[in-house]
Amino acid sequence: TAHYQNHAGIAVITLDNPPINSLGYTTRVAIDTGIRRALGDSTVRAVVITGANGIFTGGADIREFGKPSAMQSPNLHELIALFEGGSKPIIAAINGVCMGGGTEISLACHFRVAVAGAMIGLPEVKIGLLPGAGGTQRLPRLAGVELALNMIVSGDAVKSDVLARAGAIDRLIGGDFLAGTLEFAAGVAVAGKLPRVRDLAATLPDADAFFSAARARIAASSKGFPAPLKCVDAVEAAVK
């Protein structure tokens, strides 16, 4: 469910789990194996994770929800820790749809590149949940609190162009996506920096007033469902 290639020192891990490259147990094992292989290979200078068939990943496999395999190691939290602790630059190459746990994986990477028009989101609220693998904490730090809160509370995806303007995508790549990604990866490998989203601060002037207004607005529109207001709580925790 994932292919591994070494392109002149850039390891490329391509998720291939049709139809949406969901992050079921076997795919998580393949990601874990690929990342560890790349980090342990002295010829590899940087690591790219991307998806086959114009999809990065649609996120968690909801068929696993409530089953032991959903949290079976390597679970999403363990993969995210592996990405963040990587000793070489790890780049999410978002070549299309990127949802839920896929977005959370991209936030754990050191860098993110994308095609223009790629749809990126955290849709968990639509099934009564909140993003469970750190999205509520990392997205506000990277994209700004207001944009992140709107995405998380609505569950609606936004285009990569919007996230690039917010600073959450490091480069939009036109033309040959793989070639552009490899060029970017080679550049960050030379620079040698390993920035982590978790180390950024989610700051907001007059946060109390902002969250008070957000709660009032969302309480009026959420029809009594608990998840949207819990999303607000989680984003506020990122700020405070």
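Attention here is on the structure that accompanies the text. (Residues numbered from 1 in each chain as written. Predicted model: local features only at pLDDT ≥ 70, side-chain atom pairs only at ≥ 80, totals over all residues. Heavy atoms only, no water.)

### Things to note about the pattern of salt bridges
Filter applied, for reference: Any Lys or Arg side-chain nitrogen found within 4 Å of a carboxyl oxygen on Asp or Glu counts as a salt bridge. We count a stretch as a helix when DSSP gives it H or I for four or more residues in a row; a strand needs E for two or more, and each element gets its number in order from the N terminus.
Scanning all chains against the criterion turns up eleven salt bridges. The salt bridge partner of R215 is D233, with a shortest N-O separation of 2.7 Å. With R215 in helix 9 (residues 207–221) and D233 in helix 10 (residues 227–239), this pair connects stretches of sequence that are 18 residues apart. One network of salt bridges, with partners in common, ties together D208, R215, D233, E236 and K240.

### Some points on the layout of surface pockets
We count it as follows: Of the two site types, the cavity is a set of points on a 1 Å grid over the protein atoms alone where a 1.4 Å probe fits but cannot get out, and the pocket is an open set with protein on both sides within 12 Å along at least five of seven lines, each lined by residues with an atom within 4 Å of a point. Grid points are joined across faces, edges and corners, and a volume is the space filled by probe spheres set on the points. For this classification, the nonpolar set comprises Ala, Val, Leu, Ile, Met, Phe, Trp, Tyr, Cys and Pro, the charged set comprises Asp, Glu, Lys and Arg, and every other residue, Gly included, is treated as polar.
In this structure, the largest pocket encloses a volume near 670 Å³. Lining of the largest pocket is provided by 31 residues; of these, G59, A60, D61, I62 and F65 occupy positions nearest its centre. Secondary-structure elements contributing two or more residues to the lining of the largest pocket are helix 2 (68–71), helix 3 (76–84) and helix 4 (101–108). For the lining of the largest pocket, the per-class residue count stands at 15 nonpolar, nine polar and seven charged. Taken as a whole, the second largest pocket holds about 200 Å³ of empty space. Lining the second largest pocket are V125, K126, G128, L149, N150, V153, S154, S222, F225, P226, A227 and P228.

### Comments concerning the sheet that holds strand 10 (residues 171–172)
What holds strands together in a sheet is hydrogen bonding between their backbones, with the strands either parallel or antiparallel. Let me state the cut-off plainly: For two strands to count as paired, DSSP must find a minimum of two bridges between them.
In space, the six strands of this open sheet follow the order 1-2-3-5-7-10, with mixed pairing throughout. This sheet does not close on itself; its edge strands, each paired only once, are strand 1 (2–7) and strand 10. Across six bridges, the pairing between strand 2 (residues 10–15) and strand 3 (residues 46–51) is parallel. Residue pairing across strands places T14 opposite T50, the latter belonging to strand 3.

### Considering the pairing of strand 2
Note the threshold: When a residue's accessible area, from a 1.4 Å probe over protein chains only, is under 20% of the maximum for its type it is buried; when over 50% it is exposed; and in between it is partly exposed.
Counted residue by residue, strand 2 has six buried out of six residues, so it is predominantly covered. Taking every second residue as pointing to the same face, both faces of strand 2 are buried, with I10, V12 and T14 on one and A11, I13 and L15 on the other. Sheet topology note: the strand 1/strand 2 ladder contains six bridges and is antiparallel. Across the sheet, H7 pairs through a bridge with I10, a residue of strand 2.

### Description of the nonpolar core
For clarity, the cut-off: What makes a nonpolar core is a set of buried Ala, Val, Leu, Ile, Met, Phe, Trp, Tyr and Cys residues whose side-chain atoms join them at distances within 4.5 Å. It only takes one pair of heavy atoms within 4.5 Å for two residues to be counted as in contact.
Membership of the largest hydrophobic core comes to 55 residues, with the highest contact counts inside it found for F83 and I94. Ranked by residues supplied to this core, first place goes to helix 6 (residues 145–154) with six residues. Apart from residues no more than four positions distant in its own chain, I94 is found in contact with F56, S106, V113, A114, V115, A118, I120, I169 and F177. V48, A93, I173 and F177 belong to the second-largest nonpolar core, a separate cluster that totals 14 residues.

### Observations concerning empty space enclosed by the protein
Here the structure, examined in full by the defined rule, presents one cavity of 30 Å³ or more. Of the volumes computed, that of the largest cavity is approximately 60 Å³. Contributing to the lining of the largest cavity are I94, T103, S106, L107, R112, I120, L139, L142, L163, A168 and I169. Elements with a contribution of two residues or more to the lining of the largest cavity: helix 4 and helix 5 (135–143). Looking at which element gives the most residues to the lining of the largest cavity, the answer is helix 4, with three residues.

### Some points on the pairing of strand 5 (residues 90–94)
Most of strand 5 sits out of view: five of its five residues are buried. Relative to strand 5, strand 3 runs parallel, the two sharing three bridges. Residue pairing in the sheet places I49 in a bridge with A92 of strand 5. Looking at chain direction, strand 5 and strand 7 (residues 111–114) are connected through four bridges and run parallel.

So far we have only geometry, and geometry alone does not tell us how the molecule works.
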